[in-house]
Amino acid sequence: MARILVTGGTGYIGSHTVVELMQQGYEVIIVDNLSNSNIDVLDGIEAIVGKRPTFENIDCTNYVDMDRLFSRYQPIDGVIHFAASKAVGESVEKPLMYYRNNIGSLVTLLELMKTYQVPNIVFSSSCTVYGQPDAQHLPVDESAPIQKALSPYGNTKQVNEDIIRDAAHADANLHATILRYFNPIGAHPSAMIGELPNGVPNNLLPFVTQTAAGLRQELKVFGDDYNTPDGSCIRDYIYVVDLAKAHVKAVERMLIVPEREQVETFNLGTGRGLSVLEIVRDFMEATGVKVPYTIVGRREGDIEQVWANPKYANEVLGWKADTPVKEVLLSAWKWEKRLRNIV
Ligand code: UFG
């Protein structure tokens, strides 16, 4: 079975993808420097799959270490590149760290992939590249215009997409799949792996589950005066396990469809937008647990509304994100309860 190098494989989306890959029989090599994840994630993966993935604690920007890794694990059939810093606010404070980590790691990988003749890469991009699409581009498909990034983080995703396209243009052997994620939420149904935010969560769902668990007093809903039906922002929340399965489909396609285009880009979302207030309501209905919240002012830089048109991914990858949102919210709650020893 094919051998796949997964950078950032102990992270949130990475770990769920490793599980799906291993369950399909792929051999997985994880490379991660644990800068925003925990080594215990390997136990969670092993508990689900019954087998431990190979793990290398390496920083993907370190060319020498990465060279050694590529040499040691030859032949590698493909790379999934998750490893990146991902906090929008932090990227504004520490732009150079973001450029070094996110751009340096991709350049290093692409150079080594050329040296070691690894022909395939799947890259984690984001719907952030679309900014706020015009009304005529909602739901947003892959042809919608890319807009100037609002943060260094967002810019690294755009620049990395450009780097991949340029590298592929110059090298006919390189094939890339760019996956633009919408908002991943939830945890593996086993609750053995899930999202592990550092400190106070920035993202909505971890804040909701931590509030439900009593760690936070109340959720602050950032704005109810947007031009949306209930005034709060709208996003396309996609179950992380559905998202992980899309990576397996992308890898399969990479390995068995030689006639595909050199660079393919897919929006990965459900096709359905939900508001912040709808998420809070659905969470309370699904779990029966109260989440106290107050409406506060808008958060700087927030997009008003964006959701995906996932038709291209549905058709070409033969994949669909169809787990009901309440089931997804329950999985997030089950994970939070396990973390906090709540019965
Ligand atoms: N929200 C709240 N209260 C909170 C946290 C979030 O009301 O405590 C709201 C936000 O204002 C937003 C929605 O919940 O309307 C979702 O916010 P998240 O922070 O979970 O997600 P974002 O859509 O803002 O961010 C995501 C990714 C980023 C990416 C960005 C691009 O997490 O990596 O999309 O738009 F850059």
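Since this is a predicted model, take the numbers as computed values, not measurements.

Rules of the game
Residues take numbers from 1 onward in each chain, read along the sequence in its written order. For a predicted model such as this one, the threshold for reporting local features is a pLDDT of at least 70, and the threshold for listing and counting side-chain atom pairs is 80 or more; totals across whole chains, interfaces and linings nevertheless cover every residue. With hydrogens and water set aside, each side-chain value is computed from the structure's full complement of heavy atoms. Nearness of a residue to a molecule or strand requires only that one of the residue's heavy atoms be within 4 Å of it. Counting of polar contacts relies on pairs of N or O atoms within 3.5 Å, with two restrictions inside protein: one atom must be capable of donating a hydrogen and the other of accepting it, and residues adjacent in sequence are counted only when both atoms are side-chain atoms. Strands here mean DSSP runs of E at least two residues long; helices mean DSSP runs of H or I at least four residues long; both are numbered from the N terminus. Here the term charged refers only to Asp, Glu, Lys and Arg, the term nonpolar to Ala, Val, Leu, Ile, Met, Phe, Trp, Tyr, Cys and Pro, and the term polar to all other amino acids, Gly among them. Multiplying one less than the number of residues by 1.5 Å gives the expected span of a helix. A 1.4 Å probe rolled over the protein chains alone gives each residue an accessible area, and that area as a share of the maximum for its type sets the label: buried under 20%, exposed over 50%, partly exposed in between. A fitted line through C-alpha atoms serves as each axis, taken over the contacting stretch for helices, and the angle formed by two N-to-C directions is quoted from 0 to 180°. Each angle receives one of four descriptions, namely roughly parallel if under 35 degrees, roughly antiparallel if over 145, roughly perpendicular if within 65 to 115, and oblique otherwise. The crossing is said to be left-handed when, going from far helix to near helix, the turn is anticlockwise and less than a right angle, and right-handed when the turn is clockwise. Working rule for contacts: check all heavy atoms of both residues, and any pair within 4.5 Å makes them a contact. Any two strands are treated as partners once DSSP identifies two or more bridges connecting them. Throughout, the edges of the domains are those of an automatic or database domain assignment. Accessible-area loss on putting two parts together, using a 1.4 Å probe and summing over both, is the definition of buried area adopted here. Any carboxyl oxygen of Asp or Glu within 4 Å of a side-chain nitrogen of Lys or Arg constitutes a salt bridge here.

### With respect to the site of the ligand
Consideration 1: Close to the ligand lie 19 residues, the nearest being Leu204, Lys220, Arg235, Arg299 and Asp302.
Consideration 2: Contact distances for the ligand include 2.9 Å between an oxygen atom and a side-chain N or O atom of Asn203.
Consideration 3: In the model, an oxygen atom of the ligand is placed 2.8 Å from a nitrogen or oxygen of the Leu204 main chain.
Consideration 4: Breaking the shell around the ligand down by element, the ones donating at least two residues are helix 7 (204–212) and strand 8 (219–222).
Consideration 5: Among the elements that line the shell around the ligand, the one with the most residues is strand 8, at four residues.
Consideration 6: Residue composition of the shell around the ligand, grouped by class: 10 nonpolar, four polar and five charged.

### Let's talk about helix 1 (residues 12–23)
Each α-helix turn comprises 3.6 residues. Residues three or four places apart therefore point the same way.
Consideration 1: Taking 1.5 Å per residue as the helical rise, helix 1 with its 12 residues ought to reach 16 Å, and the 17 Å between its terminal C-alpha atoms agrees with that figure.
Consideration 2: Across the 12 residues that make up helix 1, a large majority, 11, are buried.
Consideration 3: Of all the positions in helix 1, only Tyr12, Ile13, Gly14, Ser15, His16, Thr17, Val18, Val19, Glu20, Leu21 and Met22 are classed as buried.
Consideration 4: Directly beyond the C-terminal end of helix 1, a positive phi value near 95° is found at Gly25.

### With respect to unusual backbone geometry
Consideration 1: The peptide bond linking Gln74 to Pro75 adopts the cis configuration, its omega dihedral lying at -10°.
Consideration 2: Looking at the element boundaries, Pro75 is found in the loop between helix 3 (63–72) and strand 4 (78–81).
Consideration 3: Here Leu138 and Pro139 are connected by a cis peptide whose omega angle stands at -5°.
Consideration 4: Looking at the element boundaries, Pro139 is found in the loop between strand 5 (120–126) and helix 6 (152–170).
Consideration 5: Within the chain, Leu34 stands out as a residue other than glycine whose phi angle is a positive 60°.
Consideration 6: By secondary structure assignment, the location of Leu34 is in the loop between strand 2 (27–31) and helix 2 (41–49).
Consideration 7: Its relative accessible area of 22% is what places Leu34 among the partly exposed residues.
Consideration 8: Even without being a glycine, Gln117 presents a positive backbone phi close to 55°.

### Digging into the packing of helix 5 (residues 95–115) against helix 6
Consideration 1: At their nearest, the axes of helix 5 and helix 6 sit 10 Å apart, and the two run at 20° to each other. Taken together, the axis directions place helix 5 and helix 6 in an arrangement best described as roughly parallel. Seen from above, helix 5 lies across helix 6 with right-handed handedness. Seen from helix 5, the contacting residues are Pro95, Tyr98, Tyr99, Asn102, Ile103, Leu106, Val107 and Leu110; seen from helix 6, they are Pro152, Tyr153, Asn155, Thr156, Val159, Asn160, Ile163, Ile164 and Ala167.
Consideration 2: Among the residues making up the contact of helix 5 with helix 6, the classes are represented as 13 nonpolar, four polar and no charged.

### Here we look at the sheet that holds strand 5
Consideration 1: Spatially, 3-2-1-4-5-6-11 is the arrangement adopted by the seven strands of the open sheet, whose pairing is parallel. Two strands in the sheet have a free side with no partner beyond their single neighbour: strand 3 (54–56) and strand 11 (263–268). Strand after strand, the sheet turns through a mean of 20° between neighbouring axes, direction not considered.
Consideration 2: Where strand 1 (residues 3–7) meets strand 4, four bridges bridge the pair, whose relative direction is parallel. Residue pairing in the sheet places Val6 in a bridge with Ile80 of strand 4.
Consideration 3: Set on the sheet, helix 1 makes contact with strand 1, strand 2, strand 4 and strand 6 (175–181); between it and strand 2 the angle comes to about 160°.
Consideration 4: Across the sheet, helix 8 (residues 240–256) is in contact with strand 1, strand 4, strand 5, strand 6 and strand 11; its angle to strand 5 comes to roughly 150°.

### Some points on the domain arrangement of the chain
Quite often, the size of an interface is put as the accessible area lost when its parts meet.
Consideration 1: The domain boundaries assigned to the chain delineate domain 1 (3–185 + 239–268) and domain 2 (204–234 + 271–337).
Consideration 2: Relative placement of domain 1 and domain 2: their C-alpha centres are 24 Å apart.
Consideration 3: Contacts between domain 1 and domain 2 engage 23 residues on the former and 22 residues on the latter.
Consideration 4: Interface area for domain 1 against domain 2, summed over the two sides, is near 2100 Å², with a carbon-plus-sulfur share of 71%.
Consideration 5: It is Ile185, Tyr239 and Asp242 in domain 1 that bury the most area against domain 2; as a group they hold 25% of the surface buried on that side.
Consideration 6: Scanning the region where domain 1 abuts domain 2 turns up zero salt bridges.

### A short note on the packing of helix 7 against helix 9 (residues 276–287)
Consideration 1: Orientation of helix 7 relative to helix 9, taken along the N-to-C sense of each, is 40°, at an axis distance of 11 Å. If you check the angle between helix 7 and helix 9, you find them oblique. Of the two possible hands of crossing, helix 7 and helix 9 adopt the one that is right-handed. Each of Leu204, Leu205, Val208, Thr209 and Ala212 in helix 7 lies in contact with helix 9, whose residues at this interface are Val276, Ile279 and Phe283.
Consideration 2: Per-class residue counts for the contact of helix 7 with helix 9 are seven nonpolar, one polar and no charged.

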